[in-house]
Amino acid sequence: MESFISGGTETTRIGYLNRNNQRCSGHRGAAGTDHGQLAYRMECLRAECGHVYGANGTDVFQRKCPRCQGGAAGILF
């Protein structure tokens, strides 16, 4: 498995936790679905969930979990 890389902004760094309790775990260089974006691995930290999914770098700061918070479907990362 390839290791994950921290992004270049505060919100895309490994370990960043957004206001919806979603943690960014970095990227592996895969393209996101928005122009010029990378796909980041996200993990829901709600105790009853733990869902892992992908998100564009521009969405990390506000992302909601697709499983338990009604967020958009995840993307491949």
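The model shown is predicted, which means the values in this text are computed figures rather than measured ones.

**Q** Before we move on, could you go through the nonpolar core and cite the residues and values that matter?
**A** Judged by nonpolar contacts, Tyr16, Cys24, Tyr40, Met42, Tyr53, Ala55 and Val60 together constitute the single largest core of seven residues. Mapped onto this core, the elements with two or more residues apiece are strand E2 (38-44) and strand E3 (52-56).

**Q** Could you give me a rundown of unusual backbone geometry, with the residues and numbers involved?
**A** A positive phi angle, near 65°, is found at Asn21, a position not held by glycine. Along the chain, Asn21 turns up in the segment before strand E1 (22-31).

**Q** I'd like a rundown of the packing of aromatic side chains, residues and numbers included.
**A** Following the criterion strictly, the structure yields one aromatic pair and no others. Their ring planes at 45° and their centres at 6.1 Å tell us that Phe4 and Phe77 sit as a pair that is tilted. Note that Phe4 is positioned in the segment before E1 and Phe77 in the segment after E3, a separation of 73 residues in sequence. The class for Phe77 is partly exposed, based on a relative accessible area of 23%.

**Q** Outline the environment of Asn21, listing residues and values.
**A** Classification of Asn21 by relative accessible area gives partly exposed; the value is 30%. Considered as a pair, Asn21 and Ala55 are 34 residues apart in the sequence and their alpha carbons are 14 Å apart.

**Q** A description of the sheet that holds E3 should follow, citing residues and the corresponding values.
**A** One open sheet holds the three strands; their spatial order is E1-E2-E3, and the pairing between them is antiparallel. Two strands close off the open sheet at either side, each with one partner strand: E1 and E3. Pairs of neighbouring strands in the sheet enclose a mean axial angle of 35°, with direction left out of account. In this sheet, E3 lies alongside E2 in antiparallel orientation, the contact comprising five bridges. Within the sheet, the bridge partner assigned to Arg41 lies in E3 and is Gly54.

The rules behind each value
Residue indices begin from 1 for each chain and proceed along its sequence in written order. Confidence filtering applies because this is a predicted model: local features only for residues at pLDDT of at least 70, side-chain atom pairs given and counted only at 80 or more, and all residues used for totals across whole chains, interfaces and linings. Side-chain figures throughout are based on the complete set of non-hydrogen atoms in the structure, without hydrogens or water. The definition of a nonpolar core used throughout is a set of buried Ala, Val, Leu, Ile, Met, Phe, Trp, Tyr and Cys residues joined through side-chain atoms within 4.5 Å. Three labels apply to residues, based on accessible area from a 1.4 Å probe with only protein chains included: buried if under 20% of the type maximum, exposed if over 50%, partly exposed otherwise in between. Here a strand is any run of E in DSSP of at least two residues, a helix any run of H or I of at least four, and the numbering for each starts at the N terminus. Aromatic rings from Phe, Tyr and Trp, taking only the six-membered ring of Trp, are treated as a pair when their centres fall within 6.5 Å; an angle between ring planes under 30 degrees marks them as stacked, one over 60 as edge-to-face, and anything in between as tilted. Strand pairing requires that DSSP identify at least two bridges connecting the strands. A fitted line through C-alpha atoms serves as each axis, taken over the contacting stretch for helices, and the angle formed by two N-to-C directions is quoted from 0 to 180°.

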